[in-house]
Amino acid sequence: MNLTVNGVDTTIESGPLTSLLDVLREELGITSAKAGCEQGGCGACTVLVNGASRRSCLTPVASIDGAAVTTVEGLGSPEHMSPVQQAFTHHYAAQCGFCTSGMMMAAQAYIEGGGSDDHEAIQEALGGHVCRCTGYVKIIDAVAAVARGESFDLSVTAAGTAMTNIGGMA
Amino acid sequence: MAEVLIPASPSEAVSLYGDGAGTTVIAGGTVVMPEITYGRLTPGRVLLLSNAGLDGVTIDGTTITLGATTRIDTLAALGDQVAALATCADNIADGEIRGQATVGGNLCVSQGPEAPRGDLQGVLLALDATVRSAGADGERTEAIEEFLSHRAGRLVLDVSFERPSASAFSALDYPHTHEYTVLAVTGVRAADGTIRLAATGLAGTASRLHAAEALASDPTAAGAAAVGDCSFADDALASAWYREQTLPVLVRRVLNQLEESA
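Residues numbered from 1 in each chain as written. Chains lettered and ligands numbered in written order. Predicted model: local features only at pLDDT ≥ 70, side-chain atom pairs only at ≥ 80, totals over all residues. Heavy atoms only, no water.

1. Let's talk about the sheet that holds strand β4 (residues 57-60) of chain B
Sheet strands associate in pairs through backbone hydrogen bonding, adopting either a parallel or an antiparallel arrangement. All names here are of chain B. Overall, antiparallel pairing links the 5 strands, which are arranged β4-β5-β8-β6-β7 in an open sheet. Each edge of the sheet is formed by a strand with only one pairing partner; in this case those strands are β4 and β7 (138-143). When strand polarity is set aside, the average angle formed by the axes of neighbouring strands in this sheet is 20°. In the sheet, strand β6 (residues 130-135) pairs with β7 via 6 bridges, with the strands oriented antiparallel. Within the sheet, the bridge partner assigned to Ser133 lies in β7 and is Arg140. Helix α1 (residues 10-17) contacts β6 and β8 (154-162) of the sheet and is inclined by roughly 135° relative to β8. (Pairing = 2+ DSSP bridges. Helix = DSSP H or I, 4+ residues; strand = E, 2+ residues; numbered from the N terminus. Axes fitted to C-alpha atoms, helices over the stretch in contact; angles between N-to-C directions. Contact = heavy atoms within 4.5 Å.)

This is the structure in C-alpha cells:
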C-alpha cells in the first residue's frame, strides 16, 4: 500500500486493517495525530485524507490506499507556520495541546472549504472535537480570524500580552 | 491475521461475500474499527467495501435509490426531495463521522452495548423503503421492515423509496454532538396521502408506529396511541420513563409539521 503523507510518497508495511492513526504514529513516527478515545468520539486523531477531515482511528489504512494524508506537520513548520497555526498561537487557542492537532486539521478543512467567521458554523465544523481544558472560545476566535483573512503578530497574544512559550515561539 | 478482501465492483463484492458466514463487512468503519481496536472483535475474514462501487444516489423519476456505501453527509443534499432524510442525516454525530459512516452500515449496525443505533432506520421505515441485499439464497429485494427482522447474513446493496409529498423529522436532542439518537420520530405523507410514522431509539431496531398512524388526523391522540404500541429501552442515553414521556411530544410535533406543509 502507498500513501502520500505530507507530500512524501510513502510505502506502508502495516497490515490492511491497521488504523491510519496507528500507521501514522507507530509505523511513520508522526505523532501529532493523538490516540484519544480511539472510537471516533473525541476528534484528537483527525487528519486530512484527500483534503477532507477524517478520524484516523476509524480508518482502516487499506480503505484509503493511494490517498494523500495531511497532518499538522504538513501544515507548516515552527519557522513557517500556516495561517491556522499562526491563529491558534496568537489567540492562545491551546492549553494542554492534546486536542489541538485535531482541532487545527478540522479548522484547515473548514477554511479550505470556504468557511466563514460565523461562530455557529465554526462550532458545527468543530463539533466532533472535544477540548477537556474547555478552551473553546479561543479556538473559535482563532478559526474566525483565519476565515476573515487576518494576519497575526506572533510576538503578542490576541489579548495583547507578550507571547511566551507556545509552539516553540519565544 | 485476518484475511482482507477488497472487491473492486458490486458483483465482486457479492461473490466474495457469498453466504456471509464468518465474514465481517467494513463499509465506513465507524462501528467496526473501535470493536477491533478494543479487542472485542477479532475478525477472521473481512470484506472491505471502500472500493466496491456501491456508493451513490440515483434519482429515477420519483424513485430515489441510495447505494449501500453512500456516505451519510451525502444525504444532506437531498433536502428538497426528502426533508426528513436530510434533517435526520444532519442530526447524526458530527461532520467527520457523517463523512465516513454509510447508509448500509446504519441499516446493519447491531444494538450498541449502551444504546440503540441505526439513526436512519426510522426515516427509511416511514418512507416504506425497500432493501436490495445479497446472501445465501442470492439477491433479494424486500420491505425494510422485513429486512430489519432478519438482516444477519445479508450484504446490503442499496435502499430505494418513492419521493413523498411531504416528510418531517423531530429528535430528542442532546447538547453533545456525538451521541446516538436517543429518540426520534419521522412522519411521511406519501404521494397517495397515506401517513406513515416510525421511531428510532425506542429499543433494538427502529419501528413503525401503526396505532399512531391510524389516528394521524389528531396529533395529540396519535401521540398517546404511539405509547401503547412501543416498548422503551432503559439505557445509558435515557430511561424508559423519559422515552415514554417524550415519544408523544415528538409524534405530535411531526404530525403538526406535516399538517403545516400540506
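2. Looking at unusual backbone geometry
Notably, A:Glu38 is not glycine yet its phi reads approximately 55°, a positive angle. If you trace the backbone, A:Glu38 turns up in the loop between α1 (20-27) and β3 (46-49).

3. Details of helix α6 (residues 136-147) of chain A
All names here are of chain A. Under the 1.5 Å per step criterion, the end-to-end length of α6 is 16 Å for 12 residues, consistent within 8% with the ideal 16 Å. Looking at the buried side of α6, the elements it contacts are α3 (83-90), α4 (100-112) and α5 (119-125). Residue Gly149 follows α6 closely and has a positive phi angle near 75°. (Expected span 1.5 Å × (residues − 1).)

4. Details of the domain arrangement of chain A
All names here are of chain A. Here chain A is described as being made up of domain 1 (2-75) and domain 2 (83-147). A straight line from the C-alpha centre of domain 1 to that of domain 2 covers 20 Å. At the interface, 18 residues of domain 1 touch 13 residues of domain 2. Applying the counting rule to domain 1 against domain 2 returns 0 salt bridges. The interface formed by domain 1 and domain 2 includes 4 residue pairs in polar contact (both at pLDDT 80 or more). Listed by contribution, the elements that provide at least two residues to the side of domain 1 that touches domain 2 are β3, β4 (52-55) and α2 (72-75). Tallied by class, the residues present in the side of domain 1 that touches domain 2 amount to 7 nonpolar, 9 polar and 2 charged. (Domains from an automatic or database assignment. Salt bridge = Lys/Arg side-chain N within 4 Å of Asp/Glu carboxyl O. Polar contact = N/O pair within 3.5 Å; in protein donor to acceptor, adjacent residues only side chain to side chain. Nonpolar A, V, L, I, M, F, W, Y, C, P; charged D, E, K, R; others polar.)

5. Description of the side chain of A:Ser82
For A:Ser82, the position within the fold is in the loop between α2 and α3. Residues within four places of A:Ser82 in sequence aside, it is in contact with A:Leu75 and A:Gly76.

6. Description of the interface of chain B and chain A
Each side of the interface is counted separately: chain B has 24 residues, and chain A has 24 residues. Considering only the side of chain B, the residues that lose the most area to chain A are B:Met33, B:Glu96 and B:Gln100, jointly responsible for 34% of the buried surface there. Where chain B packs against chain A, one counts 3 salt bridges. With a shortest N-O distance of 2.5 Å, A:Arg55 and B:Glu96 are connected by a salt bridge. Across the contact surface, chain B and chain A share 9 residue pairs in polar contact (both at pLDDT 80 or more). (Buried area = accessible area lost by both parts, 1.4 Å probe.)

7. Focus: the pairing of β3(A)
All names here are of chain A. Burial along β3 is two-sided: the face carrying Thr46 and Leu48 and the face carrying Val47 and Val49 are both buried. By the bridge criterion, 4 bridges tie β3 to β4 in an arrangement that is antiparallel. By the bridge assignment, Thr46 is partnered in β4 with Arg55. Joining the antiparallel neighbours β3 and β4 is a turn of 2 residues, in which Asn50 adopts a positive phi near 50°. Pairing of β3 with strand β5 (residues 68-70), which is carried by 2 bridges, proceeds in the antiparallel orientation. Its bridge partner lying in β5, Leu48 is registered against Thr70. (Buried < 20%, exposed > 50% of the residue type's maximum accessible area, 1.4 Å probe, protein only.)

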